[in-house]
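# Coordinate inspection notes
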Amino acid sequence: MSKPADVAAAPVVPVSGLRRIMQKIWWLHSFFALGFGVVVMAFARKGLAHADKVLIALVASWMLIFVAFRFIVGPANRKPDERFVKKGMRLVTNYVIKQMYQQMFFFLVPLYASSAMWSIDSWNWWIVPLLLLCAVLSTMDLVFDNFIMEHRNLAAGMYGLCMFSVLNLLLPLSFHFAHFVSLMIAAVITPTAVALLSYPLKSVFSSRGISLVMLSTVILAAGCFMGRQFVPPAPMAMPAGGIGHGTPGSYECVPGPLVQTSPDKLDQLRCVSEITEPGGINDDIVHVWMQRGKELARVTPSLMKQCRGHVLRSKLGTAAMPADPTGRWQCRIETEEGQLIGLRSFRVAGDDGAALGTSDTLSGAGTAFDAGTAGATTATRAIDGGRAE
């Protein structure tokens, strides 16, 4: 059956040369923004001495973004007969929002990465690649302008992740809240902030909207309460730690990595952790001794005053030593409320000298140790307090 002659194919509108040039310019700008974000990540951790002031300034800027997004930017504020001045204001505001997204996300990535445990024994690193993905997307102008900002739920999700991460970091860093308290405050505030930012006020304050906001708050708060060990206590980090046994060295602070030992060499078993946090430690730290997945003791470590920095040590007494010490051991470094800071693990071989496993993870927030060979167990990393000025 032939088509009617009066039915013509839809004309293909050619892309103008100017439009192609503008698209290339925007992509070049995206690569520049991505490179600048990498620089921000490289220097973010070094500038932690002023991070509290920087974060307060960033949060104040985010309040401006809240107003701008609500009244200027977004599909709800766009009209077909939009005037040139209003359109220009919207484009400029959208550009400023993108810059703030980029700076905020790239600023958060290294702080959370240094606090996360990069180990299969913990999953509190999940937030880092998610923040990095949002940071990269915020630098891609064409994607951010034409896709993310045009889809309310995507924009709300990015804002919610950033708001939650900022509050979880800001409250302990600038206002010296305990990390668990900061986590719960962030969980309670974030759903309401996202709803007010991303959705019409009429729908937010309707009975259905209020119910959804309350339900989201309860779910997020319950998730943070039950899964606190999966959220790193940023910016607290554990740059060094180790397991020691036998007589300590004269100048020993943090022992070298212990990979494997035998049951007859567990005398004076100790766990040492070096904890850092800009502005001071806000939480009480505990060492949780575990063997074969069973908790043996929960010990409050003592401060090693002869060592430089905040170095804590706990000892496992003979009363807590199991009758059969063979198997996999762990010393989990946690806040008193249960947020994981770091982990040190080793194995105790059987009487026949055979190892009960092939390898162990020596992991902690902000560091990764090479386990090396069993002969490296005698190595000692000394942070000599006597050499401190």
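You'll find the structure just up there.
Read on for a plain summary of the structure. (Residues numbered from 1 in each chain as written. Predicted model: local features only at pLDDT ≥ 70, side-chain atom pairs only at ≥ 80, totals over all residues. Heavy atoms only, no water.)

### Regarding the overall build of the chain
- The helix and strand tally for the chain stands at nine helices and 13 strands.
- Within the chain, buried positions represent 47% of all 389 residues.
- Restricting to contacts in the chain with at least 6 residues of sequence separation, those with at least 24 account for 71%.
- For the chain, the accessible surface area stands at approximately 20,100 Å², while carbon and sulfur atoms represent 66% of it. (Helix = DSSP H or I, 4+ residues; strand = E, 2+ residues; numbered from the N terminus. Buried < 20%, exposed > 50% of the residue type's maximum accessible area, 1.4 Å probe, protein only. Contact = heavy atoms within 4.5 Å. Areas by Shrake-Rupley, 256 points an atom, 1.4 Å probe, with all protein chains shown as cover.)

### Some points on a nonpolar patch on the surface
- Taken together, the side chains of Trp-123, Trp-126, Leu-130, Leu-133 and Phe-230 make up a nonpolar region of the molecular surface, amounting to roughly 490 Å² of accessible area.
- Structurally, Phe-230 is set in the loop between helix 9 (207-226) and strand 1 (237-244). (Patch = residues over 30% accessible without salt bridge, like charges linked within 9 Å, V, L, I, M, F, W, Y side chains within 5 Å. Salt bridge = Lys/Arg side-chain N within 4 Å of Asp/Glu carboxyl O.)

### Things to note about the pairing of strand 4 (residues 270-276)
- Among the seven residues in strand 4, six count as buried, and that is most of the element.
- Sheet topology note: the strand 4/strand 8 (residues 310-315) ladder contains six bridges and is antiparallel. Bridge pairing links Ser-273 to Leu-312 in strand 8. (Pairing = 2+ DSSP bridges.)

### A look at the pairing of strand 6 (residues 294-299)
- Inspection of the sheet shows strand 5 (residues 285-291) paired to strand 6 by five bridges, in the antiparallel sense. Considered in strand 6, the bridge of Val-288 is made with Arg-298.
- Counting the residues in the hairpin turn of strand 5 and strand 6 gives two residues, including Arg-292, whose phi is positive at 55°.

### With respect to the packing of aromatic side chains
- A complete count under the given rule lists four aromatic pairs for this structure.
- Ring centres 5.0 Å apart and planes at 35° place the aromatic pair Trp-123 and Trp-125 in the tilted group.
- The class for Trp-125 is partly exposed, based on a relative accessible area of 23%.
- Three or more aromatic residues joined by ring pairs make a cluster, and in this case those are Trp-118, Trp-123 and Trp-125.
- Geometry around Phe-225 places Arg-228 over its ring, the cationic atom sitting 4.5 Å from the centre. (Phe/Tyr/Trp six-rings, centres within 6.5 Å; stacked < 30°, edge-to-face > 60°. Lys NZ or Arg CZ within 6 Å of the ring centre and 35° of its normal.)

### A look at the sheet that holds strand 8
- Judged by pairing direction, the sheet is antiparallel, and its four strands sit side by side in the order 1-4-8-7 without closing on themselves. Each of the sheet's edge strands pairs with one partner strand only, and the pair in question is strand 1 and strand 7 (302-303).
- In the sheet, strand 7 pairs with strand 8 via two bridges, with the strands oriented antiparallel. Looking across to strand 8, one finds that Ser-302 is bridged to Arg-313.

### Describing the packing of helix 6 (residues 152-174) against helix 7 (residues 179-198)
- Across the interface, helix 6 lies against helix 7 with an axial gap of 8 Å and an inter-helix angle of 150°. Regarding the angle of helix 6 to helix 7, the classification is roughly antiparallel. Where helix 6 crosses over helix 7, the two elements pack in a sense that is right-handed. Of helix 7, the residues touching helix 6 (which contributes Arg-152, Ala-156, Tyr-159, Gly-160, Met-163, Phe-164, Leu-167, Asn-168, Leu-171 and Pro-172) are His-179, Ser-182, Leu-183, Ile-185, Ala-186, Ala-187, Ile-189, Thr-190, Ala-193, Val-194, Leu-197 and Ser-198.
- Tallied by class, residues from the contact of helix 6 with helix 7 come to 15 nonpolar, six polar and one charged. (Axes fitted to C-alpha atoms, helices over the stretch in contact; angles between N-to-C directions. Parallel < 35°, antiparallel > 145°, perpendicular 65-115°, else oblique. Left-handed = near helix turned anticlockwise from the far one by under 90°. Nonpolar A, V, L, I, M, F, W, Y, C, P; charged D, E, K, R; others polar.)

### A few points about helix 5 (residues 141-148)
- The complete set of buried residues in helix 5 reads Asp-141, Phe-144, Asp-145 and Ile-148. The buried residues of helix 5 all sit within an arc of 125° when viewed along its axis, so they share a single face. (Arc of directions from axis to C-beta.)

### Some words on the packing of helix 4 (residues 127-139) against helix 5
- At a minimum axis separation of 5 Å, helix 4 and helix 5 run at an interaxial angle of 95°. It follows that helix 4 is roughly perpendicular to helix 5 by the angle criterion. Contact residues: helix 4 offers Leu-137, Ser-138 and Thr-139, while helix 5 offers Asp-141, Val-143, Phe-144 and Ile-148.
- Taken together, the residues of the contact of helix 4 with helix 5 break down into four nonpolar, two polar and one charged.

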